[in-house]
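Fold and geometry: a report
Listed below, chain by chain, are the residues.
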Amino acid sequence: MQPKLNKHIVIIGGGSAGVAAAVSAAQSGLNVILIERSSYLGGKATAAEVGTICGLYAFSKNETTQYVAEGFVKEFAEELKTRSHTQPLHNSIGMHYLPYNIEAYKALCDSLLIKYKVAVHLNTSLTTIDVKNNTIQSITVTNGLNLFTIECESVIDCSGDGVVSQLTHLPLIKSDTYQAAAQVFTMQNMDSISEALLGMVLIKEIKKGIDSGLLESYYDRVSVVQGSIKNNEVSFKIGIPIEVTYIGSNSEDIKAKAQLMAKTLAAFFIEYIPVFKNAMLHHIAPEVGFRVGTRAIGHYILAEEDVLNCKKYNNAIANGAWPIEEWGQDKRVHMRYFEENNYYQIPADCLISKTLSNLFFAGRIISATDAAIASARVMGICLQTGYAAGKLAVGHCLKTPVNQTITLIQKELKLNH
């Protein structure tokens, strides 16, 4: 007979959104349990080694950065900045972002969940969900050795691929193909060089390698991870030239190609680029960076025009200040911007299931179109939607009117400042 745990707020996924949701929910004093399939927290921020947090700051050409939301989001970023010994960076277009240290990110997530007494189950996957009367009654999970069932008051899906909606056969927002995947890898023992100069050298030498037949044409999809040069180490991000469909062996094919490309580039750098003559491949990030996937359907689906027109909502639970960032197979990236010094908002209805009464979602699987999620998927916004989902789940458990919970979220994150 499977062991059962008492009723909990259960969070699926321990990435940026999941950690934010766990902290938010646990602040209420209710029982919170987090299920994470990996052996550590942080999601794509740590496993795919993204390296920078986007969406924390206002879209502005001002030299100084200004948080687009405060409260937990600002506290998280400030502590990460201190632990990582980094400062925000920005480009000439007005995009501000925060470089971070991967191990610092893991440690911060760990410390927060310990502080708020969240029960964390790593190396654990969701297997089945029991639904009655459009309400999740319990979930069953496995750690590879044992199955155990958790009775649920509320469930927050922060899995990144809508696993709860998939297992309960709910309608999903799907595409034939998704944004291109990327792989991060790190070189060590390179000679001293500035990031700007390395970027120019990289473009020149990769082109020569392609023109001479040493590299395939798609190897030009490589760039320096901004802010990653430190102690003669540098990280690179390479786009993978296989369409993302999640059908059959697609994910495994992409992972195999990513490994091959990272190793090929590392060898090319060492042989043909002088600054790497004494360098070596330090490591390849454990996971490929899959940017988006299937998403849940909420009471509202955030749309492209909402983002580009900077739409505001009375029931807003997050401020979005990152442009629409779309990575395709035939180009590096296509950016679409809204007006400078403005932002759009995400309404609570994008986080509340249209079908199941006690299901909420956050992060990369909020209810949004392909274009809208191309902005809302970035970590700074995931921290906001995760925090909001935690409060909405608590409100459901305590039977608090939703409008009161939304007012609380707006006040805590200072969304209307």
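In the block above lies the structure referred to throughout.
Remember, predicted model here, so these are calculated numbers, not experimental data. (Residues numbered from 1 in each chain as written. Predicted model: local features only at pLDDT ≥ 70, side-chain atom pairs only at ≥ 80, totals over all residues. Heavy atoms only, no water.)

1. Points about the overall build of the chain
Tallying secondary structure elements over the chain gives 11 helices and 20 strands in all. For the chain, whose C-alpha radius of gyration is 21 Å, the value lies close to the compact-globule estimate of 22 Å for 417 residues. Seen along its three principal axes, the alpha-carbon backbone of the chain occupies a region of about 65 × 50 × 40 Å. Residue burial in the chain is summarised as follows: out of 417 residues, 56% are buried. Considering only intrachain contacts with a sequence separation of at least 6, the fraction spanning at least 24 residues in the chain is 74%. Working note: accessible area of the chain is about 17800 Å², and carbon and sulfur atoms make up 51% of it. Side chains of the chain carry 37 positive and 38 negative charges; the gap between the two charge centres is 3 Å. (Helix = DSSP H or I, 4+ residues; strand = E, 2+ residues; numbered from the N terminus. Rg over C-alpha atoms; globule rule 2.2 N^0.38 Å. Buried < 20%, exposed > 50% of the residue type's maximum accessible area, 1.4 Å probe, protein only. Contact = heavy atoms within 4.5 Å. Areas by Shrake-Rupley, 256 points an atom, 1.4 Å probe, with all protein chains shown as cover. Lys, Arg positive; Asp, Glu negative; His and termini not counted. Charge placed at Lys NZ, Arg CZ, Asp CG, Glu CD.)

2. Thoughts on the sheet that holds strand β3 (residues 52–54)
Across the sheet, which stays open at both edges, the three strands sit in the order β3-β5-β4 with antiparallel pairing between neighbours. A strand with exactly one partner marks an edge of an open sheet, and here the two such strands are β3 and β4 (89–90). Pairing of β4 with strand β5 (residues 96–99), which is carried by two bridges, proceeds in the antiparallel orientation. Across the sheet, the residue bridging to His90 is His96, located in β5. (Pairing = 2+ DSSP bridges.)

3. Remarks on the sheet that holds strand β14 (residues 280–284)
Sheet strands pair by backbone hydrogen bonding; their relative direction is either parallel or antiparallel. One open sheet holds the four strands; their spatial order is β12-β13-β11-β14, and the pairing between them is antiparallel. Every other strand in the sheet has two partners, leaving β12 (222–224) and β14 as the edge strands with one partner each. On average, each strand axis in the sheet is inclined to that of its neighbour by 30°, with strand direction left out of account. In terms of strand pairing, β12 meets strand β13 (residues 233–239) through three bridges, oriented antiparallel. Counted as the bridge partner of Val222 is Ile238 from β13. (Axes fitted to C-alpha atoms, helices over the stretch in contact; angles between N-to-C directions.)

4. Concerning the layout of surface pockets
Considering only enclosed or pocket space, the second largest pocket measures out at about 500 Å³ in volume. Around the second largest pocket, the lining comprises 23 residues; the ones closest to its centre are Tyr100, Asn101, Ile102, Ser228 and Ser235. Elements that contribute at least two residues to the lining of the second largest pocket include exactly α4 (102–115), β11 (182–188), β13 and β14. Of the residues in the lining of the second largest pocket, the class split is seven nonpolar, 12 polar and four charged. (1 Å grid on protein atoms, 1.4 Å probe; cavity = no way out; pocket = protein on both sides within 12 Å on 5 of 7 lines; lining within 4 Å. Points joined across faces, edges and corners; volume = space filled by probe spheres on them. Nonpolar A, V, L, I, M, F, W, Y, C, P; charged D, E, K, R; others polar.)

5. Details of the packing of aromatic side chains
Geometrically, a pair of aromatic rings is defined through the distance of the ring centres and the angle of the planes. Taken as a whole, this structure holds 18 aromatic pairs when the rule is applied. Here Tyr57 and Tyr67 contribute two aromatic rings whose centre-to-centre distance is 5.0 Å and whose plane-to-plane angle is 55°, an arrangement assigned as tilted. Taken together, the residues Tyr57 in the loop between β3 and α3 (72–84) and Tyr67 in the loop between β3 and α3 connect sequence positions 10 residues apart. For the pair formed by Tyr57 and Tyr67, the shared burial category is buried. Put simply, the rings of Phe72, Phe76, Tyr100, Tyr105 and Tyr387 touch in pairs and so form one group of aromatic residues. One Lys or Arg, Lys106, reaches over the ring of Tyr40 and ends 3.9 Å from the middle of that ring. Over the aromatic face of Tyr343 sits the side chain of Lys312, whose NZ or CZ is 4.7 Å from the ring centroid. (Phe/Tyr/Trp six-rings, centres within 6.5 Å; stacked < 30°, edge-to-face > 60°. Lys NZ or Arg CZ within 6 Å of the ring centre and 35° of its normal.)

6. Looking at the packing of α3 against helix α10 (residues 379–398)
Two numbers describe how α3 lies on α10: the axes approach to 9 Å, and their chain directions differ by 135°. Here α3 is positioned oblique relative to α10, judged by the angle of their axes. You can see that α3 and α10 cross each other, and the crossing is right-handed. Here α3 contributes Phe72, Val73 and Phe76 to the contact with α10, which in turn contributes Gly380, Leu383, Gln384 and Tyr387. Of the residues assigned to the contact of α3 with α10, the class counts are five nonpolar, two polar and no charged. (Parallel < 35°, antiparallel > 145°, perpendicular 65-115°, else oblique. Left-handed = near helix turned anticlockwise from the far one by under 90°.)

7. Some details on the environment of Ile284
Locating Ile284 in the fold gives a position in strand β14. Considering only alpha carbons, one finds Ile284 and Ala258, 26 residues apart in sequence, at a separation of 9.2 Å. Ignoring sequence-local partners within four residues, the contact set of Ile284 consists of Gln183, Val184, Phe185, Gln259, Ala262 and Lys263.

8. Topic: α3
The end-to-end C-alpha distance of α3 is 18 Å, a good match for the 18 Å that 13 residues give at a rise of 1.5 Å each. Within α3 the residues assigned to the buried category are Phe72, Val73, Phe76, Ala77, Leu80, Lys81 and Ser84. End-on view of α3: buried residues confined to an arc of 165°, all on one side of the axis. In α3, the exposed positions that point more than 90 degrees away from the buried face belong to Glu75 and Thr82. On its buried side, α3 packs onto α1 (16–26), β3, β5, α4, α10 and α11 (402–413). Count one or two residues on from α3 and you reach His85, which has phi positive near 60°. (Expected span 1.5 Å × (residues − 1). Arc of directions from axis to C-beta.)

9. Notes on unusual backbone geometry
The backbone of His169 sits at a positive phi, close to 60°, despite the residue not being glycine. With respect to the secondary-structure elements, His169 resides in the loop between α5 (163–167) and β10 (172–173). The backbone phi angle of Lys399 is positive, close to 60°, even though this residue is not glycine. The topology assignment puts Lys399 in the loop between α10 and α11.

10. Let's talk about the pattern of salt bridges
Taken as a whole, this structure holds 14 salt bridges when the rule is applied. Glu70 serves as the salt-bridge partner of Lys414, at 3.7 Å between the closest nitrogen and oxygen. Linking Lys414 in the segment after α11 with Glu70 in the loop between β3 and α3, this pair joins segments that are 344 residues apart in sequence. Relative accessible area serves as the criterion here: at 43%, Lys414 is assigned to the partly exposed category. On the accessibility criterion, Glu70 (18% relative accessible area) is buried. For the salt bridge of Arg336 with Glu326, the shortest nitrogen-to-oxygen distance reads 3.2 Å. Residue Arg336 is found in strand β18 (residues 334–336), and its partner Glu326 is found in strand β17 (residues 324–326); the two are separated by 10 residues along the sequence. (Salt bridge = Lys/Arg side-chain N within 4 Å of Asp/Glu carboxyl O.)

In short, the description is geometric, and any link to function would need to be established separately.
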